[in-house]
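Spelled out from the first residue to the last, the chains are:
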Amino acid sequence: MANTKSAIKRIKIAERNRLRNKAYKSAVKTLMKKYLTAVDTYAANPTPEAKQEVLSRMAAAYSKIDKAVKRGVLHPNNGARKKSRLVKRLRQYEQAEASGN
């Protein structure tokens, strides 16, 4: 257990930051999952409404990832990798659709 005032304060700050980081990471994962389900729905039935839903989910996920990187919750390369994987999934279906026509 911490003996000094400064060590006690650091423990409190570390716990506060851990909870904040956990919330950001959880939100990023949730938005990524919602985006991926929207992409799968779009792939099954490509309509303009589904495409719009995918784009809005992508924007929300990108925004949250960028905020997490800005606040130091995610490493910049980790954020870039997550965003790359998101757009890669969409491009995969779009190219399959284009080659299918």
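Please read these numbers as outputs of a predicted model, since none were measured by experiment.

Visitor: Looking at this model, I keep getting lost on the packing of helix α1 (residues 5-44) against helix α2 (residues 48-70). Mind explaining?
Guide: Between two packed helices, the angle of one axis relative to the other and the distance separating the axes together describe the packing. Where α1 meets α2, the axes come as close as 9 Å, and the angle between the chain directions of the two elements is 160°. Our classification of the angle between α1 and α2 gives roughly antiparallel. When you trace α1 past α2, the crossing you get is left-handed. Note on element contacts: α2 touches α1 through A50, K51, E53, V54, R57, M58, A60, A61, K64, I65, K67 and A68, opposite Y24, A27, V28, L31, M32, K34, Y35, A38, V39 and Y42.

Visitor: What should I look at first to understand a positive patch on the surface in this one?
Guide: Side chains of K9, R10, R16, R20, K67, K70 and R71 sit close together on the surface and give a patch of like positive charge. If you list the elements that add at least two residues to the positive patch, you get α1 and α2. Among the elements that line the positive patch, the one with the most residues is α1, at four residues. Here K67 shows up in helix α2. Judged by relative accessible area, which is 38%, K67 ranks as partly exposed.

Reading guide: rules and limits
- Residues numbered from 1 in each chain as written.
- Predicted model: local features only at pLDDT ≥ 70, side-chain atom pairs only at ≥ 80, totals over all residues.
- Heavy atoms only, no water.
- Axes fitted to C-alpha atoms, helices over the stretch in contact; angles between N-to-C directions.
- Helix = DSSP H or I, 4+ residues; strand = E, 2+ residues; numbered from the N terminus.
- Parallel < 35°, antiparallel > 145°, perpendicular 65-115°, else oblique.
- Left-handed = near helix turned anticlockwise from the far one by under 90°.
- Contact = heavy atoms within 4.5 Å.
- Patch = residues over 30% accessible without salt bridge, like charges linked within 9 Å, V, L, I, M, F, W, Y side chains within 5 Å.
- Areas by Shrake-Rupley, 256 points an atom, 1.4 Å probe, with all protein chains shown as cover.
- Salt bridge = Lys/Arg side-chain N within 4 Å of Asp/Glu carboxyl O.
- Lys, Arg positive; Asp, Glu negative; His and termini not counted.
- Charge placed at Lys NZ, Arg CZ, Asp CG, Glu CD.
- Buried < 20%, exposed > 50% of the residue type's maximum accessible area, 1.4 Å probe, protein only.

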